[in-house]
Amino acid sequence: MAKTPYPTAALRRDRLRRLKQLLVENEQAFCDALSADFGYRSADQSRFADITTTIKSANHALDNLGFWMQPQRRVADLSLRLGGARCRVHYQPKGVIGIIGTWNFPVNTIFAPLAGIFAAGNRAMIKCSEVTPQTGELMEQLIAKYFKPEELVAINGGPDVGASFSAAPFDHIIFTGATSIARHIMRAAADNLTPVTLELGGKSPVIISDSYPMNEAIERIVNGKILNVGQVCLSPDYILVPEAKLEEFVSGTMSYLGTLFSSLLNNPDYSSVVNARHYQRLQSYLADAREQGADIREFNPANEDFSQQSGTHKLPLTLVVNPSDELKVMQEELFGPIVCVKSYRSVDDCLDYINARPRPLALYYFGKNEAEQRRILDRSTSGAVTINDVIFHVSC
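Predicted model only: the values in this text are computed from it and were never measured.

Novice: Would you take a moment to explain the sheet that holds strand β10 (residues 295–298) for this structure?
Specialist: Pairing between the strands of a sheet is mediated by backbone hydrogen bonds and can be parallel or antiparallel. Across the sheet, which stays open at both edges, the 7 strands sit in the order β10-β11-β12-β9-β8-β13-β14 with mixed pairing between neighbours. The sheet is open, and its two borders are formed by β10 and β14 (384–387), each paired with just one other strand. On average, adjacent strands in this sheet sit at an angle of 20 degrees to one another, irrespective of strand direction. Sheet analysis places strand β11 (residues 318–321) next to strand β12 (residues 338–344), joined by 4 bridges and oriented parallel. Across the sheet, V321 pairs through a bridge with V341, a residue of β12. The strands touched by helix α11 (residues 276–291) are β10, β11 and β12; relative to β10, the strand with the most contacts, the crossing angle is about 135 degrees.

Written out as structure tokens, the structure is:
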């Protein structure tokens, strides 16, 4: 790519507007490609999570571009100030940024960071996920239509292409995806001393306090969990419920789901697991739990046979109640329509349990006790915390 060390504000705005134009003019094509890749995916969900939120990222960059480009003053040492010196930071583009997106939101995880990349005056190369090939192919075609190759390029291919891509001498790499893949990317980038930004996953816990209305907590947790049927890095993975309210939570969850879905297999609002491999992965977790005698509650209001599917891999939302910590559902990131529910006696027990495990990407607390909330914030470490909701801190 030819170098343009410091693009003007006008050029940056032009690139951001073309990014918006690409998304707006091809919204339906993206929804169709995403649904084809998933076997079935709700078009409303694709518009909300992949298109609309990404357009908002571009709008945010356009609104703030002028301010971001301004030099910032710094306070000089007193002796320098007495001599008439002034200090300023001038922000310079890095150059060419490599973006490696993921399959669960293959439009958003590429184009949302691209908005910041364009605003900063950089250019980019994209590696699309091979798990969603139709979306990747559409993206490659549209990028070639809306952008010059020296501005933006999209590349498709499997793991070998991904390995070569992450070993290229970029000025920065942004990756969204699995921790196991991130380790390979960091090793490859290290040879070029390429800085890397990683957005990974983990088992994100929810704590429901005695001080919070159970029905309200259930509604907000379920609304977050059914987004992309749990195929979200920030999706609640396990829920810690007061011991005396465990059954209230389980029965309340099933009741609330019943107000949303009367059936699942042919329901246009209930999405599919992305492919057979991930479907079998989730089934293996449930099989392991059943073999160990776990308490499993499946939401299947129409008693449908999910073994008889053509082209889709739908899986009912399933609760695993008070599972042993040795089970796969408590060892692995679920990334699907499964959630574990565990009872607790004190909030301090919750903190001890969470802190004894790898730090989560997100922690969720439902409660109206400000002292308890402060204790959770002070005694835990996570990528982010949302109070009295789940997932939607990503909008910040």
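Novice: Can you help me understand the pattern of salt bridges in this one?
Specialist: Two side chains of opposite charge can pair, provided their charged atoms sit close to one another. Overall, the coordinates contain 19 salt bridges when judged by the stated rule. A salt bridge links R379 to D348; the shortest N-O distance between them is 3.1 Å. Of this pair, R379 sits in helix α14 (residues 370–379) while D348 is found in helix α13 (residues 347–355), placing the two residues 31 residues apart along the sequence. Put simply, D14, R15, R18 and E151 are held in one network by salt bridges that share partners.

Novice: Where do I start with the environment of E151 in this structure?
Specialist: Position of E151 among the secondary structure elements: in the loop between α6 (133–146) and β5 (152–155). Looking at E151, the relative accessible area reads 4%, which means it is buried. On a C-alpha basis, the gap between E151 and M125 in space is 8.5 Å, while along the polypeptide they are 26 residues apart.

Novice: I'm lost on the sheet that holds β5 in this one. Help?
Specialist: Ordered in space as β5-β4-β3-β6-β7, the 5 strands form an open sheet in which the pairing is parallel. Across the chains shown, the open sheet's two edge strands, defined by having one partner strand only, are β5 and β7 (196–199). Across the sheet, the axes of successive neighbouring strands diverge by a mean angle of 15 degrees, strand direction being ignored. Two elements, strand β3 (residues 96–100) and strand β4 (residues 123–127), share 5 bridges in a ladder whose sense is parallel. When the bridges of β4 are listed, I100 appears paired with K127.

Novice: Before we go on, may I ask you to explain helix α8 (residues 179–190) in this structure?
Specialist: Because the α-helix completes a turn every 3.6 residues, residues three or four places apart line up on one side. In this model α8 runs 16 Å from its N-terminal to its C-terminal C-alpha over 12 residues, within 8% of the 16 Å that 1.5 Å per residue would give. Taken together, the buried positions of α8 are A182, I185, A188 and A189. Buried residues of α8, seen end-on, are gathered within an arc of 125 degrees and therefore sit on one face of the element. Opposite the packed face of α8, turned more than 90 degrees from it, sit the exposed residues H184 and R187.

Novice: Got a minute to help me understand the packing of aromatic side chains in this structure?
Specialist: The geometry of two aromatic rings is summed up by the distance between their centres and the angle between their planes. Scanning the model with the defined rule gives 7 aromatic pairs in all. Taken together, a centroid distance of 5.5 Å and an interplanar angle of 35 degrees make the contact between F118 and F147 tilted. A residue pair is termed long-range when its members are at least 10 positions apart, and F118 in helix α5 (residues 108–119) and F147 in the loop between α6 and β5 qualify at 29 residues. Classification of F118 by relative accessible area gives buried; the value is 0%. We classify F147 as buried; its relative accessible area is 4%. Aromatic pair F165 and F170: ring centres 4.8 Å apart, planes at 45 degrees, arrangement tilted. By the burial criterion, F165 is buried, and F170 matches it. Site record: aromatic cluster; members linked through ring pairs are F38, W103 and F335. Above the ring of F38, the side-chain terminus of R41 is found at 4.8 Å from the ring centroid. Between R357 and the ring centre of Y353, over which it is positioned, the NZ or CZ distance is 3.6 Å.

Novice: Where do I start with helix α9 (residues 214–225) in this structure?
Specialist: Between its first and last C-alpha atoms α9 spans 16 Å; for 12 residues at 1.5 Å apiece the expected length is 16 Å, and the two agree. By the burial criterion, the buried members of α9 are M214, A217, I218, I221, V222, G224 and K225. End-on view of α9: buried residues confined to an arc of 160 degrees, all on one side of the axis. Looking at the packing, one finds that the buried side of α9 touches β8 (204–208), β9 (236–242), α10 (246–260), β12 and β13 (362–366).

Novice: Is there a simple way to explain the side chain of S380 in this structure?
Specialist: Within the secondary structure, S380 is located in the loop between α14 and β14. The buried category is assigned to S380, whose relative accessible area is 12%. Within the structure, S380 has its side chain in polar contact with the backbone oxygen of I376 (distance 2.6 Å). In this structure S380 touches L351, N355 and L363, once residues within four positions along its chain are discounted.

Novice: How should unusual backbone geometry be read in this particular structure?
Specialist: When glycine is set aside, most residues are seen to have a negative phi, and most peptide bonds are trans. Unlike most non-glycine residues, N228 shows phi in positive territory, near 55 degrees. Looking at where N228 falls in the secondary structure, it is placed in the loop between α9 and β9. The phi dihedral of N303 falls on the positive side, at around 50 degrees, and the residue is not glycine. You can see N303 is positioned in the loop between β10 and β11.

Novice: Could you clarify how one ought to interpret the packing of helix α1 (residues 9–25) against α5 in this entry?
Specialist: For any two helices packed against each other, the geometry comes down to the angle between their axes and how far apart the axes lie. Running from N to C, α1 and α5 cross one another at 160 degrees; their axes reach a closest spacing of 8 Å. Compared by their axis directions, α1 and α5 come out roughly antiparallel. Seen along the crossing, α1 lies across α5 with a hand that is right-handed. Packed against α1, whose contacting residues are R12, R15, L16, L19, L22 and L23, the element α5 presents F111, L114, A115, F118 and A119 at the interface. Among the residues making up the contact of α1 with α5, the classes are represented as 9 nonpolar, no polar and 2 charged.

Reading the values: rules and limits
- Residues numbered from 1 in each chain as written.
- Predicted model: local features only at pLDDT ≥ 70, side-chain atom pairs only at ≥ 80, totals over all residues.
- Heavy atoms only, no water.
- Pairing = 2+ DSSP bridges.
- Helix = DSSP H or I, 4+ residues; strand = E, 2+ residues; numbered from the N terminus.
- Axes fitted to C-alpha atoms, helices over the stretch in contact; angles between N-to-C directions.
- Contact = heavy atoms within 4.5 Å.
- Salt bridge = Lys/Arg side-chain N within 4 Å of Asp/Glu carboxyl O.
- Buried < 20%, exposed > 50% of the residue type's maximum accessible area, 1.4 Å probe, protein only.
- Expected span 1.5 Å × (residues − 1).
- Arc of directions from axis to C-beta.
- Phe/Tyr/Trp six-rings, centres within 6.5 Å; stacked < 30°, edge-to-face > 60°.
- Lys NZ or Arg CZ within 6 Å of the ring centre and 35° of its normal.
- Polar contact = N/O pair within 3.5 Å; in protein donor to acceptor, adjacent residues only side chain to side chain.
- Parallel < 35°, antiparallel > 145°, perpendicular 65-115°, else oblique.
- Left-handed = near helix turned anticlockwise from the far one by under 90°.
- Nonpolar A, V, L, I, M, F, W, Y, C, P; charged D, E, K, R; others polar.

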